[in-house]
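Here is how the chains run, residue by residue.
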Amino acid sequence: MRRVLAFFLVIAIAFSFSTQLSARAQGNTLIVAGRFVDVITLDPGRAFETTNLIVHHATYETLLNINADDLSKIVPGLAESYSISEDGLEYTFVLNPKAKFASGNPVTAEDVRFSWTRLLNLKGSPSSYLKDFGFKSIEVVDERTVKVRLESPQPAFASVVTAPALSILEKAVVVAQGGTDAEDADQTDKAKDWLDQNSAGSGPFILKRWSPNSEIVMVRNENYWRGPVALEGVTLRVTNDAASALQLVARGDADVAFGVDADTAEQARNNPDLKLNIGQTLNLLYLGISPSDFFKLPISDVRVRKAIAHAIDYDGVIALTGGFADRPAAMLPLGIAGSDPSLRYTRDLEKAKALLAEAGYPNGFSMTLFIGGGSTAGVPREVIAAKIQADLAEVGIQLEINQQTTPNFLTAFRAQELPMVISAWTPDYLDATMWTAFFSKADSGVSRRLRMDEPKIAELADQIAAERDPMVRERLLREYVKAHVEAAVFIPLLQEQYIDVLRSNVQGYVFHPVYLTDFAGVSK
Amino acid sequence: MSLVRYIARRLILTIPMLFGITLVLFLIYNIVQVDPLVMIIGERAMDNPHVVEAAIRKWGLDRPVWEQYITYLVNILRGDLGTSFLTRRPVLDDLLTHLPATVELAVSSLLFAVVLGIPLGIVAGIYFGSLFDRSVWLISLLNGSLPPFWTGLIFLFVFYYSLGITAGPGRFPPRMERPPMVTGLLTVDSLIAGDVAALNGALSHLVLPTVILGGFTLALVLRVTRAAIVEEMRREYIRTARSKGLAERLVVVRHALRNALLPLITIIGLAFAGLLSGAVMTETVFDWAGLGQYLVRAAASLDYPAIQGGTLLIAVIYVVVNLCVDILYSILDPRVRHG
């Protein structure tokens, strides 16, 4: 019995460790708890996920920026100015003479040429930022000036330049770590392992360490050319769910719970130590209905698709998110010039029934709705699908829900095999072409997957891509939205809002729809 | 048969087994009709033929299936488990990154289970039917039947969130500087760095997951010990030992426990192998970046090299643990070697 007591004593001692926890606190470091599990690499030339955007925006800089307060305005970054040639084919960027890397070396035109050429020659997914925009060549004019040539006029190019993938890396550092911008960089570049654990940029922070599935540690760049920022560092700490992120923040072990769901947000509302930061994302969840005869389904009739659009209880869908969502009229999110919410479909069951009767289906019909995994605004796909199923049943349309793992779903969707889906779209850069280029053409993008062939929409998308006058472009976008509403192929269900829970002493925290957040202005 | 020859024979037998595992995995993967490219380069880049072509060449997806399998086998023999589609790092590196977290939790859970389970089981066995026995049995029953993800969440909520007397999720206090990485075991690394505060931090974060994960094994160890002791205590030789005037403590330790040890070693060995294969639920609840979480993520995204590499590793863990159990067995009971 004495031995048993001894063992209980051991346990008691173990527990007592936890009470002596105060220890050395990293004073002014911001601890951000969230689901940062998508990181594959932190090499800006190779990363194509989401969390890397936060890290790259903090540790690197781009030539141009778009600030959260005005998404339609492009502001200087490392480049103090830029100009576009008359024919729209040549972009000239002039670097800010004060700009320098964390190493203290100045940011030069050669660094820009190297970074972009490397990105291109690594041939990874992010190289599409340059490839898709007809990038032809980049040339160093002088120490501070680079000239970029495009194959065709691309008004969106300036917004593409703000994408973190186009960050400027210090050539000398990357080359010293085995990096190269040679033609065969996809085979010969060896800098990835180093860039996974370190940064070679000019941003306000320096990457110190990445422990996969555990944490990403950044420290302040004391050499930052705009002056050191307030925070000593930022640690992104991986938690598997919002509930444990909230626990960490509530106990003061973290300062921010990143991207929580509505239920968690409600819990946080009642805690005086915490506050909510709600940001409008540009992430859309949509119902896609194929207009093609290929499937031999009633939905090839536009009246049937409109009936579906009128049968959905949109407010009920938004209520599923706890009210933390909105919706645009078509696949052009609110916040982008030309997106007009007044054109949105609203629920009208009488009209839906009338349209179905007109199309020859007064008693409705049955078909299958395909979904993958994942969730939007904290609501899992299957919950949204069940809601749509219930809504459409009210007008006699019987949906069978077919849920598959995301890779299986995407494989079938890409193979143009699915007549009706619920899926999501997230932008990589802030230009209307991020949507118009993917939801318009019969032979490319998401529209191809649904076998949509709407010449009017395709033509408008081409005009939008080529138009340089912002006023004309906005008018074209309005027409584009209207044409999409008429076609009723893509019905937006939700535009997600991003909820972060902050400790009340955190100041200056702002949501950004592409970089998610900007730590440079944060203090506590 | 000598002990050395016995071990050698057992080792040789594992080779066809591991080979069989790779073949089965390979076949399953090729039956599932999913385009791995979507996972490799992401949905959007699939529209870019230049990226698609580079990826197909890089991952050897243009070669026939049998050739892919043979290449894979040859690479394994060279110690190369391939490159994960998902993380794009060598699978071996990935496994080694995630293994220390799992090992740390597995060892601590096993210690907890054995150090607490065996004595409790002995006492319960000796005082069979007493109030102590019944309460220990009830607790072990609860422990063994409540799912760890549920108890984990409840314990976190109560002891961390509400009371604040234990550390929260994760392996280390978020606001503390980690010790320099040597082994990846945070407790060991803290010791190497001579950093008491860091050791304290690492241990404090081990407490809750150990109680949860170890509790499950504890229940098992306790019940087996108790049953074995109850059974042994009824045997003739115990009566003989007692009648010789041997002290009760010696009767239990020298005689009853020694014989109860054999089934216990099997149970503990299997439990340890299970713990090392990654306790998915506990790792998930406690944000423990271990093997279990890595493999679940790999499975969810059809990251075939990672799944295959991880499965091989688990197979090797089981083989090694089983081998150790058998060797211990053959030492404790030489009859086994001839069987």
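Residues numbered from 1 in each chain as written. Chains lettered and ligands numbered in written order. Predicted model: local features only at pLDDT ≥ 70, side-chain atom pairs only at ≥ 80, totals over all residues. Heavy atoms only, no water.

**Q** Explain the overall build of chain A to me, using residue names and the numbers behind them.
**A** When you go through chain A residue by residue, the secondary structure sums to 19 helices and 21 strands. Taken over C-alpha atoms, the radius of gyration comes to 25 Å for chain A, in line with the 24 Å a tight globule of 524 residues would show. The dimensions of chain A, computed from C-alpha atoms along their principal axes, are 85 × 70 × 40 Å. The buried share among the 524 residues of chain A stands at 59%. Contacts in chain A between residues at least 24 apart in sequence constitute 69% of all its contacts with a sequence separation of at least 6. (Helix = DSSP H or I, 4+ residues; strand = E, 2+ residues; numbered from the N terminus. Rg over C-alpha atoms; globule rule 2.2 N^0.38 Å. Buried < 20%, exposed > 50% of the residue type's maximum accessible area, 1.4 Å probe, protein only. Contact = heavy atoms within 4.5 Å.)

**Q** How would you sum up the interface of chain A and chain B? Please name residues and give values.
**A** If you look at the interface, chain A gives 65 residues, while chain B gives 66 residues. The junction of chain A with chain B conceals about 5,800 Å² of combined surface from both sides, 55% of it contributed by carbon and sulfur atoms. Across the chain A-chain B interface, the total number found is three salt bridges. A salt bridge links Glu215 of chain A to Arg178 of chain B; the nearest nitrogen and oxygen atoms lie 2.9 Å apart. For the pair chain A and chain B, the number of links is 16 residue pairs in polar contact (both at pLDDT 80 or more). Within the residue set of the side of chain A that touches chain B, elements represented by two or more residues are helix H1 (2–19), strand E1 (29–34), helix H4 (128–131), strand E8 (205–211), strand E10 (233–238), helix H9 (242–250), helix H15 (406–414) and helix H17 (445–449) of chain A. Looking at the side of chain A that touches chain B, the element that brings in the most residues is H1 of chain A, giving eight residues. (Buried area = accessible area lost by both parts, 1.4 Å probe. Salt bridge = Lys/Arg side-chain N within 4 Å of Asp/Glu carboxyl O. Polar contact = N/O pair within 3.5 Å; in protein donor to acceptor, adjacent residues only side chain to side chain.)

**Q** Lay out the environment of Lys456 of chain A in plain terms, naming residues and giving numbers.
**A** Residues and elements named next belong to chain A. Within the element layout of this structure, Lys456 appears in helix H18 (residues 455–466). Overall, the relative accessible area of 55% leaves Lys456 in the exposed class. Taking the C-alpha atoms as reference, Lys456 lies 9.0 Å from Ser440; in sequence the two are 16 residues apart.

**Q** Now, about empty space enclosed by the protein: what can you tell me, with residues and values included?
**A** Take a probe with the size of a water molecule and roll it over the atoms, and the empty space left behind shows itself. All names here are of chain A. Inspection of the entire model under this criterion finds three cavities of 30 Å³ or more. For the largest cavity, the calculated volume is near 60 Å³. Split by residue class, the lining of the largest cavity holds one nonpolar, three polar and four charged. Estimated volume of the second largest cavity: approximately 40 Å³. Every residue along the wall of the second largest cavity is listed here: His56, His57, Tyr60, Glu61, Thr62, Asn65, Thr162, Ala163, Pro164, Ser167 and Tyr515. Grouping the constituent residues of the lining of the second largest cavity by class yields four nonpolar, six polar and one charged. (1 Å grid on protein atoms, 1.4 Å probe; cavity = no way out; pocket = protein on both sides within 12 Å on 5 of 7 lines; lining within 4 Å. Points joined across faces, edges and corners; volume = space filled by probe spheres on them. Nonpolar A, V, L, I, M, F, W, Y, C, P; charged D, E, K, R; others polar.)

**Q** Before we move on, could you go through the domain arrangement of chain A and cite the residues and values that matter?
**A** Residue and element names in this part refer to chain A. When cut into domains, chain A gives domain 1 (60–183) and domain 2 (282–497). Here the C-alpha centroids of domain 1 and domain 2 sit 35 Å apart. Across the contact, 16 residues belong to domain 1 and 11 residues belong to domain 2. Note on domain 1 versus domain 2: buried area summed over both sides is about 1,000 Å², and carbon and sulfur give 64% of it. Where domain 1 packs against domain 2, one counts two residue pairs in polar contact (both at pLDDT 80 or more). (Domains from an automatic or database assignment.)

**Q** Quick rundown of the packing of aromatic side chains? Include the residues and the values.
**A** All names here are of chain A. Inspection of the entire model under this criterion finds 21 aromatic pairs over all chains. Each ring, one from Tyr91 and one from Phe157, has its centre 5.0 Å from the other, and the planes form 70 degrees; the classification is edge-to-face. Placement of Tyr91 in strand E5 (residues 90–95) and of Phe157 in helix H5 (residues 157–160) is noted, with a sequence separation of 66 residues between them. A residue is classified by how much of its surface remains accessible, and Phe157, at 0% relative accessible area, is buried. Here the aromatic residues Tyr82, Tyr91, Phe93, Trp116 and Phe157 are joined through ring pairs into a cluster of three or more. In this structure, Arg449 packs its charged tip against the face of Phe413, placed 5.2 Å from the ring centre. (Phe/Tyr/Trp six-rings, centres within 6.5 Å; stacked < 30°, edge-to-face > 60°. Lys NZ or Arg CZ within 6 Å of the ring centre and 35° of its normal.)

**Q** An account of the side chain of Thr225 of chain B is needed here, citing residue identities and associated values.
**A** All names here are of chain B. Positionally, Thr225 belongs in helix H9 (residues 196–233). At 2.6 Å, the side chain of Thr225 forms a polar contact with the backbone oxygen of Val221. Leaving out residues up to four positions away in the same chain, Thr225 has contacts with Gly117, Ile118, Gly121, Ile122 and Leu264.

**Q** Got a sec to walk through the pairing of strand E19 (residues 490–503) of chain A? Specific residues and values, please.
**A** All names here are of chain A. Taking burial as the measure, the 14 residues of E19 include 14 buried ones, the bulk of the element. With three bridges connecting them, strand E11 (residues 256–260) and E19 associate as antiparallel partners. When the bridges of E19 are listed, Val260 appears paired with Ile499. Bridge count for strand E13 (residues 325–326) against E19 is two bridges, and the pairing is antiparallel. (Pairing = 2+ DSSP bridges.)

**Q** Lay out the pairing of strand E18 (residues 420–425) of chain A with the relevant residues and their values.
**A** All names here are of chain A. Judged by how many residues are buried, E18 sits mostly within the fold: five of six residues are covered. Where strand E12 (residues 274–289) lies against E18, six bridges are found, and the strand directions are antiparallel. Bridged to Leu284 within E18 is Trp425. Both strand E14 (residues 366–371) and E18 contribute to a ladder of two bridges, which runs parallel. By the bridge assignment for E18, Phe370 is matched with Val421.

**Q** So, the packing of helix H11 (residues 248–276) of chain B against helix H14 (residues 304–332) of chain B: which residues are in play, and what are the values?
**A** Residue and element names in this part refer to chain B. Interhelical geometry of H11 versus H14 gives an angle of 170 degrees and a closest axis separation of 9 Å. In terms of their interaxial angle, H11 and H14 are classed as roughly antiparallel. Seen from H11, the contacting residues are Arg258, Leu261, Leu262, Pro263, Ile265, Thr266, Gly269, Leu270, Phe272, Ala273, Gly274 and Leu276; seen from H14, they are Ile317, Tyr318, Val321, Asn322, Val325, Leu328, Tyr329 and Leu332. (Axes fitted to C-alpha atoms, helices over the stretch in contact; angles between N-to-C directions. Parallel < 35°, antiparallel > 145°, perpendicular 65-115°, else oblique.)

**Q** Break down the pattern of salt bridges for me, citing the residues and quoting the values.
**A** With the rule as written, the count across this model stands at 38 salt bridges over all chains. Asp196 of chain A serves as the salt-bridge partner of Lys192 of chain A, at 3.3 Å between the closest nitrogen and oxygen. Here Asp196 of chain A and Lys192 of chain A lie together in helix H8 (residues 192–197), a separation of four residues that amounts to about one turn. Of the charged contacts in the structure, one is a salt bridge between Arg89 of chain B and Asp94 of chain B, with a shortest N-O distance of 2.8 Å. Just as Arg89 of chain B is buried, Asp94 of chain B falls in that class too. Taken together, the shared-partner salt bridges in this structure form one network comprising Asp313, Arg347, Lys387, Asp391 and Glu394 of chain A.

**Q** Describe the sheet that holds strand E4 (residues 79–84) of chain A, and please don't skip the residues or the numbers.
**A** Residue and element names in this part refer to chain A. An order of E4-E5-E7-E6 is seen for the four strands of this open sheet, with the pairing classed as antiparallel. Edge strands, defined here as strands with exactly one partner in the open sheet, are E4 and strand E6 (135–142). In this sheet, adjacent strand axes meet at a mean angle of 20 degrees when their direction is disregarded. As judged from the five bridges shared by E5 and strand E7 (residues 145–150), these two strands associate in the antiparallel manner. Across the sheet, the residue bridging to Phe93 is Val146, located in E7. Sheet strands in contact with helix H3 (residues 109–122) are E5, E6 and E7, and its direction is about 165 degrees off that of E6.

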